[in-house]
Amino acid sequence: MSDKLSVNIRVENFGPFKYVGCGTVAMMLYEGLSGLGTLDVEMNSRRHDQDVTHVHTLGPAAYYTKVRAKGVKILTAHSTPSLNVNNLAGASLINRMYKPLYGTYDHIITITADNEREIKEMLPDMPTTRIPSCVNMDKYRPDAEKRRAFREKYGFSDEDTVILQVAQQTPRKGIYDFLDLADRLPDYKFMWIGGFPYGPISEDRKAVEERKKKAGKNVIFPGFVPDITGAYAGADVFLFPSYGDLMSISILEALSSGLPVLSRNLKEYKELFPGVAALFEDISEVPDLLRDEENLRKAAARARPSVEPYDIRKVAQMHADLYARLSDEHKRKQADHS
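In this report, we go over the structure that sits alongside the text.

The rules we used
Residues numbered from 1 in each chain as written. Predicted model: local features only at pLDDT ≥ 70, side-chain atom pairs only at ≥ 80, totals over all residues. Heavy atoms only, no water. Helix = DSSP H or I, 4+ residues; strand = E, 2+ residues; numbered from the N terminus. Rg over C-alpha atoms; globule rule 2.2 N^0.38 Å. Contact = heavy atoms within 4.5 Å. Areas by Shrake-Rupley, 256 points an atom, 1.4 Å probe, with all protein chains shown as cover. Buried < 20%, exposed > 50% of the residue type's maximum accessible area, 1.4 Å probe, protein only. Pairing = 2+ DSSP bridges. Salt bridge = Lys/Arg side-chain N within 4 Å of Asp/Glu carboxyl O. Axes fitted to C-alpha atoms, helices over the stretch in contact; angles between N-to-C directions. Expected span 1.5 Å × (residues − 1). Arc of directions from axis to C-beta. Phe/Tyr/Trp six-rings, centres within 6.5 Å; stacked < 30°, edge-to-face > 60°. Lys NZ or Arg CZ within 6 Å of the ring centre and 35° of its normal. Polar contact = N/O pair within 3.5 Å; in protein donor to acceptor, adjacent residues only side chain to side chain. Parallel < 35°, antiparallel > 145°, perpendicular 65-115°, else oblique. Nonpolar A, V, L, I, M, F, W, Y, C, P; charged D, E, K, R; others polar.

## Considerations on the overall build of the protein chain
A count of helical and extended segments in the protein chain gives 15 helices and 12 strands. Computed over the C-alpha atoms, the radius of gyration of the protein chain is 21 Å, within 12% of the 20 Å expected from 2.2 N^0.38 for a compact globule of 338 residues. In terms of overall dimensions, the protein chain has a C-alpha envelope of 70 × 40 × 30 Å along the principal axes. Counted over contacts in the protein chain with a minimum sequence separation of 6, partners at least 24 positions apart contribute 69%. Element-wise, carbon and sulfur atoms account for 51% of the exposed surface of the protein chain, whose accessible area totals about 15,700 Å².

## As for unusual backbone geometry
Its identity is not glycine, yet N44 carries a phi of approximately 55 degrees, on the positive side. For N44, the position within the fold is in the loop between β2 (39-43) and β3 (52-55). What makes N44 partly exposed here is its relative accessible area of 24%. With phi around 80 degrees, E268 is a residue other than glycine that occupies positive phi space. Tracing the backbone through its elements, the reader meets E268 in the loop between β11 (261-264) and α12 (269-272).

## Remarks on the sheet that holds strand β9 (residues 219-220)
Taken together, the 6 strands give an open sheet; going across it, the order is β9-β8-β7-β10-β11-β12, and neighbouring strands pair in parallel fashion. Lying at the two open borders of the sheet, with one neighbouring strand each, are β9 and β12 (278-280).

## Remarks on the pattern of salt bridges
In the structure shown here, the tally under the stated rule is 24 salt bridges. Taking the shortest distance from any N to any O, the salt bridge between R148 and E145 comes out at 2.6 Å. Of this pair, R148 and E145 both sit in helix α7 (residues 144-153), 3 residues apart, which is roughly one turn of the helix.

## A few points about the sheet that holds strand β6 (residues 128-130)
Spatial ordering of the open sheet is given by β2-β1-β3-β4-β5-β6, a layout of 6 strands whose pairing is parallel. A strand with exactly one partner marks an edge of an open sheet, and here the two such strands are β2 and β6. Taken over all neighbouring pairs, the strand axes of this sheet differ in orientation by 20 degrees on average, direction set aside. Two elements, strand β4 (residues 72-76) and strand β5 (residues 107-110), share 3 bridges in a ladder whose sense is parallel. Looking at β5, one finds that I74 is bridged to H107. The sheet contacts of helix α2 (residues 60-68) involve β1 (5-10), β3 and β4, and relative to β1 the element is tilted by about 155 degrees.

## Focus: helix α15 (residues 312-337)
Since there are 3.6 residues in each turn of an α-helix, residues three or four apart along the chain are aligned in direction. With 26 residues, α15 should cover 38 Å at 1.5 Å per step; its first-to-last C-alpha distance of 37 Å lies within 8% of that length. If you check which residues of α15 are buried, you get I312, V315, A316, H319, A320, L322, Y323, L326 and S327.

## A closer look at α2
Of all the residues in α2, the buried ones are A62, T65 and K66. One face of α2 carries all of its buried residues, which in axial projection span an arc of 100 degrees. The inward-facing, buried residues of α2 abut β1, β3 and β4.

## Considering the packing of aromatic side chains
The final tally for this structure, using the stated rule, is 10 aromatic pairs. Seen in terms of ring centroids, Y140 and Y232 are 5.7 Å apart; in terms of plane orientation they differ by 80 degrees. Their pairing is edge-to-face. One end of the pair, Y140, is in the loop between β6 and α7; the other, Y232, is in helix α10 (residues 228-234), and 92 residues separate them in sequence. The residues Y140 and Y232 share a single accessibility class, namely buried. Between F150 and F156, the ring centres sit 6.1 Å apart and the planes meet at 40 degrees, which makes this aromatic pair tilted. Comparing F150 with F156 shows no difference in burial state: the two are buried. In textbook terms, an aromatic cluster arises when at least three aromatic residues are bridged by ring pairs, as seen for Y140, Y232, F238, F240, Y269 and F273. Sitting over the face of the ring of F221, K212 holds its NZ or CZ atom 4.7 Å from the ring centroid.

## Brief notes about the side chain of D51
The topology assignment puts D51 in the loop between β2 and β3. Within the structure, the side chain of D51 is placed 2.8 Å from the backbone nitrogen of S6, a separation counted as a polar contact. Not counting residues up to four positions away in its chain, the partners in contact with D51 are K4, L5, S6, G71, V72, S327 and K331.

## Digging into the packing of helix α8 (residues 175-184) against helix α9 (residues 205-213)
Put simply, α8 and α9 touch, their axes get as near as 11 Å, and they point 10 degrees apart. Here α9 runs roughly parallel to α8, going by the angle between their axes. On α9, the residues that touch I175, Y176, L179, D180 and D183 of α8 are A207, V208, R211 and K212. Residues of the contact of α8 with α9, tallied by class, amount to 5 nonpolar, no polar and 4 charged.

Shape descriptors only; they carry no functional weight alone.
And the structure:
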């Protein structure tokens, strides 16, 4: 039997969670932790005797694992009540489950200061540690061949300016603003990658589908993209019109891929993402920002270096250090009670 600290990463990376950020982060973290070589790491293990169980989703399978787990039980707060507004139908009912569920963990990992504030308001006595989101900088990087193949596949010329968004197609993510902007800028190409992972409970699904039918020929919704790195490599600007988010995984991926990013001015983003080209208050500001080619070029040059603190290897080590500390504390408490 290995004497390494044992960890089970639990994520329901299927069904509605297959294409959302929490599933992406959990799988990336698993790879990063495995690469450290200092832990015995499993994902979705059927055993429940690990030193640490780290949960990333709130479905029944994750809850079952948490109940059965013998060691320290950690949750990353990828989801909070505020993030469900204008994203999920029936959010007020769903939001009632957070406090009783989150309160059963030993420790919660928060992602941003605002995320931590919301957890502390809900559970004042819950111990927390803030660890940022991460990106695999080896995977998401500029790639001339992928750029060529992507643009050829979707019929983009070298002269076309391709504006990309990667997100769920919900009002909170700014889908209506994105489509309105595309109507105003017919000479630009717009692509939105992402769908409705929560199916019928996605906010405004029917209305969004109807609005998409009215979009111009300069807008593409490609559905599932097998290699998302090709989309980042092939785009020219990343547009993030979301009205509310944590530390956006798609912004990290875009910056790591060397793209200039135009994001809505969300709290903390200026500090979290110093490589963005600009933060806007209203979508009406975006046309002028897109025409500022010099600023976009400068932003592209600083994009990749700006996310180096969030590289998966550094963030995985932050998790490993936390696991070791909490596991030691857990074992001491058990010894004191024996």
